[in-house]
Amino acid sequence: MASWPLVSCLRVQASRHNTSISGQTLPDCNIYSMRIFITGSTDGIGLASARALISQGHSVTIHARNASRAADAKAALPKADSVLIGDLSSIAQTKALAEAANKTGRFDCVMHNAGLGYQHGSRKTEDGLEALFAVNSLAPYILTCLMERPKRLVYVSSQLHSGGSDEFGDVEWKRRRYDSMQAYSDSKLHNAILACAVARRWPNVPSNSVHPGWVKTKLGGWSAPVDLDSGAKTQVYLASADDIGTGQYWANMKPAMTHSAVGNVGKQEELLKRYHELSGVALPE
């Protein structure tokens, strides 16, 4: 695994105004209603993000892996606009989810939040890929490619991306001995690289990644120091704020330093090529 210094991807500045979530001040949020789609929004940070954005008056479409989880999510968020179903470990179902989302119309924001944690052991999908890679890394790429281009994109990454490998020859873990923590860190690096690649390829679509913190969720564990609302705060801001800029990795409500591979155009293109090879889907120009 290469060792890289932490550097900024792109430098931007955001103006600040005020709104609030669970009593916390948030800067610079839109006063008009937006259509927002959030993957993995049946529980955890995704559910908290959806709840916060609905409370701000936005129209939120949630996503669930199956019908049972969809029913639970709809019960938890009765004011959600709709719920879409698709198992992101399956390339075919991810493509079908993109098609279903497009039938509802263009979204102002798509938040790629769904993910498996490092607690999950090795599991192969119907496509012969490691499930963690398929859900965390490949699925956001496929949805980005196939959904009608939104006005902005948010990719949920993690501080653990700094330990990710920027060698992409075996992203699907066919030759390497599986290591769940390394697989998770790799996937979060992929998310940050994808966000920056899309920002470069689509300059009119703000595209950013975000570290929510060590949050009390199934993934983070219940001893984690950050509550759900605080963990959702930065991604809610990126989904709804004005003048957020693009091509940045955010943490604690501000742009943060990141793995240098994130801003490396060669690495971005290398990862996009691997995604294309594995999915059969190319990122539109």
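Refer to the preceding data block for the structure.
Here's a quick rundown of the structure.

## Concerning the packing of aromatic side chains
- In this structure the tally under the stated criterion is five aromatic pairs.
- The ring of F107 is capped by R35, whose NZ or CZ atom sits 4.1 Å from the centre of that ring.
- The ring of W202 carries R149 above its face, with NZ or CZ at 3.9 Å from the centroid.

## Quick notes on the side chain of H63
- With respect to the helices and strands, the residue H63 is situated in strand β5 (residues 59–64).
- For H63, the side chain forms a polar contact with the main-chain oxygen of G86, separated by 2.8 Å.

## A short note on helix α3 (residues 91–103)
- For α3, built from 13 residues, the straight-helix expectation of 18 Å at 1.5 Å per residue is met to within 8% by its first-to-last C-alpha distance of 19 Å.
- Listing the buried residues of α3 in full gives I91, T94, L97, A98 and A101. Along the long axis of α3, the arc covered by the buried residues comes to 115°, so they all point the same way. What points out from α3, more than 90 degrees from its buried face, is the exposed set A92 and K103.
- In this fold, the buried residues of α3 make contact with β4 (35–38), β5, β6 (82–85), α4 (131–146) and α7 (265–279).
- The opening residue of α3, the one whose side-chain oxygen lies 3.4 Å from the backbone nitrogen of A92, is S90.
- The positive-phi residue at the C-terminal boundary of α3 is G105, with phi of around 110°.

## Let's talk about the environment of A70
- Position of A70 among the secondary structure elements: in helix α2 (residues 67–76).
- Look at A70 and you get buried, because its relative accessible area is 5%.
- Remark: the alpha-carbon pair of A70 and S82, spanning 12 residues in sequence, is separated by 9.7 Å.
- Apart from the residues within four sequence positions on either side, A70 is in contact with A64, V83 and I85.

## Focus: the pattern of salt bridges
- Scanning the model with the defined rule gives 12 salt bridges in all.
- Ionic pairing is found between R200 and E269, a salt bridge with its closest N-O pair at 2.5 Å. With R200 in helix α5 (residues 180–201) and E269 in helix α7, the pair connects residues that are 69 residues apart, well separated along the chain.
- For E269, a relative accessible area of 28% translates into the label partly exposed.
- The partner of R201 in a salt bridge is E269, with the nearest N and O atoms 2.9 Å apart. Highlighted residues: R201 in helix α5 and E269 in helix α7, separated in sequence by 68 residues.
- Each of the salt bridges in this network shares a partner with another, and the network as a whole consists of R200, R201, E269 and E285.

Procedures and definitions
- Residues numbered from 1 in each chain as written.
- Predicted model: local features only at pLDDT ≥ 70, side-chain atom pairs only at ≥ 80, totals over all residues.
- Heavy atoms only, no water.
- Phe/Tyr/Trp six-rings, centres within 6.5 Å; stacked < 30°, edge-to-face > 60°.
- Lys NZ or Arg CZ within 6 Å of the ring centre and 35° of its normal.
- Helix = DSSP H or I, 4+ residues; strand = E, 2+ residues; numbered from the N terminus.
- Polar contact = N/O pair within 3.5 Å; in protein donor to acceptor, adjacent residues only side chain to side chain.
- Expected span 1.5 Å × (residues − 1).
- Buried < 20%, exposed > 50% of the residue type's maximum accessible area, 1.4 Å probe, protein only.
- Arc of directions from axis to C-beta.
- Contact = heavy atoms within 4.5 Å.
- Salt bridge = Lys/Arg side-chain N within 4 Å of Asp/Glu carboxyl O.

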